[in-house]
Each structure stands twice: as C-alpha cells, then as structure tokens.
Amino acid sequence: MVESGLALSPAKYYEEAKIMLGKRDMVEFVSNISSAIVLTGNNKEMLAKATYLRSIGLMEFNQHTKAVDSIDEALKYNTGVDVLELKKLKGTAKGFLGCVSEAIRIYQELLKETTEKIAVVRICINLAWVYTTLDRENHHKGGLDEAKKYLDMAMQYFDILPDLLKRKVLNNYSVYHFYQGEYEKAINVLNEALKYAEERDLPKLYNNLAEVYLKYSEEKDFHSSLILEYLDKSEIIAAKFDDNIELAFSLYARAKLEIQEEQIFSALDTLYLAFDHFIDSEAYSYSLEVLLKINQLVSESKAKCIKTMQEKLHNKVRNNLYYEKNEKVRGIL
Amino acid sequence: MKKVLCMLWVILILLVGSSIVLADPHGEPDTGSSTQVVIFG
C-alpha cells in the first residue's frame, strides 16, 4: 500500500497498483486499485484508467467472474480503442468461464468494427482459441475449419507481428494440427513457437509439447522420460511465476502419463492437485473434466479391487467356514 | 431398490467419465495489448 502520511491521491494508488500487478502481487494490487477507485470520486478520466487497470489485473490473476463485472463498469467510462480492448477482454473472460457462444459473438462483432491489422490478428487469435480449445464438442461440426480460417487470416500478417503474437498464432496452430491428427506438424510448430517465447510463457508450450507427445506415443514409441522432461520444466517455471493454470495443465498431463503407465493411485493424487489448481484459477470446465476423470478412475479401481478380492476369496479362502456360511457375500461379489 | 440406484449411478459415472476428452493441448487467447497499460504479454 502507499505509505501513510502521503496525500491520499488516487493517482499514487493507481501507480502503486500498476507496480503490484507487474510483481504479480494480487492482494496489494486489489488493495491499491480499490483505493484508487474509491478516492477518485467523479473524476471520469481517472475512473476510466483505474477501472481499466482493475479489469486487466483481475484477468491476469484469473479472477474471471470479477473481471467481467469490472469490465462492465470500465465500459461506462472508457472510449474509443479502449472500448474495443475491454470488449475483447470480456469475450476472453466469458470464454474462460465457459460461455463459448457469447465469447464468439463478442469477437465476431469486434472483427466487424476494426480493420487495423494487429487488432484483426488479436481477434483472430481469440476466435481460433475458442474454436480449437474451448469448443471441442463442435470440432467435427466445422469448428476446426473455423479455427483454421482465422489462423490463416492471422498468418497473413505474421512478419509484422510482435513475438508475443507470433507465439500465440503458432501455439493455436499447433492445437489445430493436434486435433487434425497431424502430430509431427504440431510438434514442429510448437518448437518454432519456442523461439518467440519469454520464460514465463514456456510452461504453455512445454505442456502442449508433452500433450502432443503423449498422444503421439499411442502411434509411435516415445520414452516417457521425454514427456516427463517437458512437464518437469513446465512445473518449475510455472511455480516460479505463480502460474496456477499452467501448473494445473502440467499436473493433468502428468496424471494422464501415470494412467498410461497404470500408476492409478499416483494418478489420483496428481488429479486432485490439478483439480485444486484449476479451481484456484476459476477454470471450472477443466475442473469438472478433472473431477469426472477422478470419478471414472475411482470407479475403475474399485471394480479392480473387488475383482482382485473375489479372485483371492475363490482361490485361498474357498473352504473357510465363514465364507461357506455367508453365501450372500459370494452373491454380492 | 437402493442397490439398483447405486448400480445406475456407477454406470452413469462410467458412461459420462469415459466420454470425456481429456484436456489435450490448449491454445491461448490474446489478453494483452492496451493503450493504457503495458505490463506483460
């Protein structure tokens, strides 16, 4: 917080909030930006800046529900290009919250409102993200074609894009290739994306490489150490940057590897950890996915336990008096 | 009756569970860009 004794200036709290966002300190960020907004009064220019910063910050901290409320408030005070950015941010928050069709509607409306190349690319990236990652149920109903259409649009401007956008275009392309079953292409594109990534972005790419190799290993023999190497690197960097959602994705991929290697109880522990991190990130659709997977594994392992017990009873305790007397037990098993 | 309901529940969970497509690789949206704030990507 801004030190007491200084004048209670909203601008000071605003600047402090910016610093705290850079340091990824959520508590201090929220505390400072809230103070800035409360102290601003009716100064619309400051309200526009502060509510805008709060919206961006809440998105960065994966507080998507609160971000939507904040964006709605920010839209009252902001104008021009900032309105476009805020609407795009709202589409992304809605997407993360599972409101896929609303996210698509918001992005498609924005696409009609702008012709500026970089802005178009940014919206195309988001549409591709929704079609490849969020709307997986409709991949076969043309969703993947839509994703390709927007990715191709973005690729037209690839050379003029900053590294950040180059990485995002390539990462989304890799997901498209993955769902097309083109694993080699997905791996190549992800390796290309690594060239444009900063350290904090590496977990996303490492997790995706692990996922692609995990799937590819069903067709081709890969040693699991290759996948584990990517997951270890991803977890270390994600923990360094407090990136809960990538930590969750990494744990989820690790659990899948453990399931593949029939380490069911380790996989369950890992899935519970992934679930916690997805919940912390308000990624409810993934949390549900993990929860259902846990249910499935528990049911399967229970069935396995019952079968093992049944075999042991038949083999070793068959002549036991207690067992003979309790035919009902045998009936249940 | 209870037993039948339990069985149905287990079958339902198995059916729903087995139909899940696991997370798989995930793309990413653009959340950056701002005329007001440039913090990180």
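Quick caveat: nothing in here was measured; it's all calculated off a predicted structure.

Let us look at the overall build of chain B. What chain B contains, in helices and strands, is 1 helix and 0 strands. Burial statistics for chain B: of 41 residues in total, 41% are counted as buried. Surface summary for chain B: the accessible area is close to 2,500 Å², and the carbon and sulfur share equals 75%.

Time to look at the confidence of the model for chain B. Per-residue pLDDT for chain B averages 59, and the proportion of residues at 70 or more is 20%. The model gives residues 13-21 of chain B a pLDDT under 50, and that stretch makes 15 contacts with residues more than four places away or in other chains.

For the rest of this paragraph, the subject is the nonpolar core. Here is a general trend for soluble globular proteins: nonpolar side chains tend to be buried in one another's company. Residues and elements named next belong to chain A. By size, the foremost hydrophobic cluster in this structure holds 55 residues, and its most contacted members are Leu127 and Val169. Put simply, the parts of the chain that give this core at least two residues each are helix 6 (100-113), helix 7 (117-134), helix 8 (143-155), helix 9 (163-179), helix 10 (183-194), helix 11 (202-216), helix 12 (224-240) and helix 13 (244-260). The residues touching Leu127, leaving out its near neighbours within four places in the chain, are Ile104, Tyr107, Gln108, Leu111 and Tyr150. Listed in part, the 25 residues of the second largest apolar core include Tyr13, Ala17, Leu53 and Leu89.

A word on unusual backbone geometry. A positive phi angle is found at A:Asp242, which is not glycine, with a value near 50°. Following the sequence through the fold, A:Asp242 ends up in the loop between helix 12 and helix 13.

Residue and element names in this part refer to chain A. With respect to the helices, strands and loops of the structure, Cys124 is situated in helix 7. Judged by its relative accessible area of 1%, Cys124 falls in the buried class. Here the alpha-carbon distance between Cys124 and Val169, two residues 45 residues apart in the chain, equals 8.8 Å. Those residues in contact with Cys124, other than ones at most four positions away along the chain, are Tyr150, Met153 and Ala154.

The subject of this paragraph is the packing of helix 4 (residues 64-77) of chain A against helix 5 (residues 81-96) of chain A. All names here are of chain A. Between helix 4 and helix 5, the least distance of the axes is 9 Å, while the angle of their chain directions is 160°. As far as their axial angle goes, helix 5 and helix 4 are roughly antiparallel. In the crossing of helix 4 with helix 5, the sense of the turn from one axis to the other is left-handed. Residues His64, Val68, Ile71, Asp72, Ala74 and Leu75 of helix 4 touch helix 5, and the partners they reach there are Val83, Leu86, Lys87, Leu89, Lys90, Ala93, Lys94 and Phe96. Its residues placed into classes, the contact of helix 4 with helix 5 shows 9 nonpolar, 1 polar and 4 charged.

The subject of this paragraph is the packing of aromatic side chains. Residues and elements named next belong to chain A. Enumeration according to the criterion identifies 13 aromatic pairs over all chains in this entry. Seen from their ring centres, Tyr213 and Tyr230 are 6.0 Å apart, and the 15° between their planes marks the pair as stacked. With Tyr213 in helix 11 and Tyr230 in helix 12, this residue pair connects regions lying 17 residues apart in the sequence. Residue classification places Tyr213 among the buried positions, given a relative accessible area of 12%. Through a chain of ring-to-ring contacts, the aromatic side chains of Phe178, Tyr179, Tyr183 and Tyr216 assemble into a single cluster.

On to helix 2 (residues 26-40) of chain A. Residue and element names in this part refer to chain A. Over its 15 residues, helix 2 extends 21 Å from the first C-alpha to the last, a length consistent with the 21 Å expected when each residue adds 1.5 Å. Buried within helix 2 we find Phe29, Asn32, Ile33, Ser35, Ala36, Ile37 and Thr40. At its buried positions, helix 2 is contacted by helix 1 (10-22) and helix 3 (44-60). Remark: Gly41 follows helix 2 within two positions and exhibits a positive phi of approximately 70°.

Residue and element names in this part refer to chain A. Overall, the coordinates contain 24 salt bridges over all chains when judged by the stated rule. The partner of Arg54 in a salt bridge is Glu73, and the shortest N-O contact between them spans 2.6 Å. In this pair, Arg54 sits in helix 3 while Glu73 sits in helix 4, placing the two residues 19 residues apart along the sequence. Put simply, Arg105 and Glu109 hold a salt bridge, and the shortest N to O gap is 3.3 Å. A residue pair is termed a helical-turn pair when its members lie 3 or 4 positions apart in one helix, as Arg105 and Glu109 do in helix 6 at 4 residues.

So, how was this worked out
Residues numbered from 1 in each chain as written. Chains lettered and ligands numbered in written order. Predicted model: local features only at pLDDT ≥ 70, side-chain atom pairs only at ≥ 80, totals over all residues. Heavy atoms only, no water. Helix = DSSP H or I, 4+ residues; strand = E, 2+ residues; numbered from the N terminus. Buried < 20%, exposed > 50% of the residue type's maximum accessible area, 1.4 Å probe, protein only. Areas by Shrake-Rupley, 256 points an atom, 1.4 Å probe, with all protein chains shown as cover. pLDDT = per-residue confidence, 0-100. Contact = heavy atoms within 4.5 Å. Core = buried A, V, L, I, M, F, W, Y, C linked by side-chain atoms within 4.5 Å. Axes fitted to C-alpha atoms, helices over the stretch in contact; angles between N-to-C directions. Parallel < 35°, antiparallel > 145°, perpendicular 65-115°, else oblique. Left-handed = near helix turned anticlockwise from the far one by under 90°. Nonpolar A, V, L, I, M, F, W, Y, C, P; charged D, E, K, R; others polar. Phe/Tyr/Trp six-rings, centres within 6.5 Å; stacked < 30°, edge-to-face > 60°. Expected span 1.5 Å × (residues − 1). Salt bridge = Lys/Arg side-chain N within 4 Å of Asp/Glu carboxyl O.

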